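Reading the structure
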Amino acid sequence: MTGILSLNYQGETRAVCDDHFDETGAQVACLELHGDPTVIEYSHGHACDYDNFWTDDIICNGNEDRISDCQHTAWGNHNCDHTSECIQLYCAAGGPQIDVEGTGRVSVSENNIL
Ligand SMILES: [Ca+2]
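Now for the overall build of the chain. Looking only at helices and strands, the chain features one helix and five strands. Mapped from its N terminus to its C terminus, the chain presents α and β elements in the order β-β-α-β-β-β. Put simply, the chain has 114 residues, and 37% of those count as buried. Here the analysis covers contacts within the chain between residues at least 6 apart in sequence; of these, 78% occur between residues at least 24 apart.

Encoded structure:
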């Protein structure tokens, strides 16, 4: 599955900002989505059609099970621009996709690229 990395929080899905996000964060996202941290491809600097972000400056150390467990700014605080700071992610297919409903869960939205 390839798409724009997003977070579902309080019932609303918003993009994940690329500031400080790296390969380790991509691995945590794939683990959370599929139970497999293998990243086939990820890249910064994309436009996406979410018009907001839940959080920013996500820094993972690789021990987290969920993106929301990584260091990040307070919910709702960011300085990101959806025309240029979304993350495209392609995880290896492995394990079922988790239910994206719930607090701070990651999701990947296909066909969500401007
Ligand atoms: Ca930032």
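Next comes the rest of the description.
Now for helix H1 (residues 23–34). Over its twelve residues, H1 extends 16 Å from the first C-alpha to the last, a length consistent with the 16 Å expected when each residue adds 1.5 Å. Among the residues of H1, those classed as buried are Gly25, Ala26, Val28, Ala29, Cys30, Leu31, Glu32 and Leu33. Just downstream of H1 lies Gly35, where phi reads positive at about 75°.

Here we come to the environment of Asp19. Mapped onto the elements of the fold, Asp19 is located in the loop between strand S2 (12–15) and H1. Asp19 gets classed as partly exposed once you count the C-beta atoms within 10 Å, which come to 16. Apart from residues lying up to four places away in sequence, Asp19 is in contact with Asp56, Asp57, Cys80 and Glu85.

About the criteria used
- Residues numbered from 1 in each chain as written.
- Predicted model: local features only at pLDDT ≥ 70, side-chain atom pairs only at ≥ 80, totals over all residues.
- Helix = DSSP H or I, 4+ residues; strand = E, 2+ residues; numbered from the N terminus.
- Buried ≥ 20, exposed ≤ 12 C-beta atoms within 10 Å, placed from the backbone.
- Contact = placed C-beta atoms within 7 Å.
- Expected span 1.5 Å × (residues − 1).

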